[in-house]
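Coordinate analysis (summary)
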Amino acid sequence: MVHRSGEAVRPPNRFHGHLGVVRDAEDAFVDEHDRRLVTCTTRINDLVLAPIISRTRPHGDASWLSADQVGEAAVAVALAPTVRDEHITLNTVEDLEAQLARMRT
């Protein structure tokens, strides 16, 4: 399982509304998974993203990921069996390149 979430909800503050609650629930789910299903073959990985360039936000900082790059990261995580139960933070294109290199080795 690959789940996308935003770095914008960490740390929680009054402007994040329900997103901080959702993120805390995700963390609790992963923690419970780790505790109960240690021998399970299911992998739960989390992509923590900074703002991304997309159709609705076509301009931004040159270091931001594009929507296509986020898709590339999600596919790489899904195809890399060694990536298991990780929070993978992708704030910049540099972070993406480092993580892709790690997953492909």
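You'll find the structure just up there.
Residues numbered from 1 in each chain as written. Predicted model: local features only at pLDDT ≥ 70, side-chain atom pairs only at ≥ 80, totals over all residues. Heavy atoms only, no water.

The next point concerns the pattern of salt bridges. Side chains that differ in sign of charge can pair as their charged atoms come close. Taken as a whole, this structure holds two salt bridges when the rule is applied. Its salt-bridge partner being Glu72, residue Arg104 comes within 3.4 Å of it at the nearest N-O pair. Of the two residues, Arg104 is situated in the segment after α3 (93-103) and Glu72 in helix α2 (residues 67-79); the sequence distance between them amounts to 32 residues. With a relative accessible area of 57%, Arg104 lands in the exposed category. (Salt bridge = Lys/Arg side-chain N within 4 Å of Asp/Glu carboxyl O. Helix = DSSP H or I, 4+ residues; strand = E, 2+ residues; numbered from the N terminus. Buried < 20%, exposed > 50% of the residue type's maximum accessible area, 1.4 Å probe, protein only.)

The next thing to look at is the packing of α2 against α3. Axis separation between α2 and α3 bottoms out at 10 Å; the angle between their running directions is 25°. Classified by the angle their axes make, α2 and α3 are roughly parallel. Helix-helix and strand crossings are classified by hand; for α2 and α3 the assignment is left-handed. Two secondary-structure elements touch here, α2 through Gln69, Glu72, Ala73, Ala76 and Val77 and α3 through Val93, Leu96, Leu100 and Met103. Considering only residue class, the contact of α2 with α3 consists of seven nonpolar, one polar and one charged. (Axes fitted to C-alpha atoms, helices over the stretch in contact; angles between N-to-C directions. Parallel < 35°, antiparallel > 145°, perpendicular 65-115°, else oblique. Left-handed = near helix turned anticlockwise from the far one by under 90°. Contact = heavy atoms within 4.5 Å. Nonpolar A, V, L, I, M, F, W, Y, C, P; charged D, E, K, R; others polar.)

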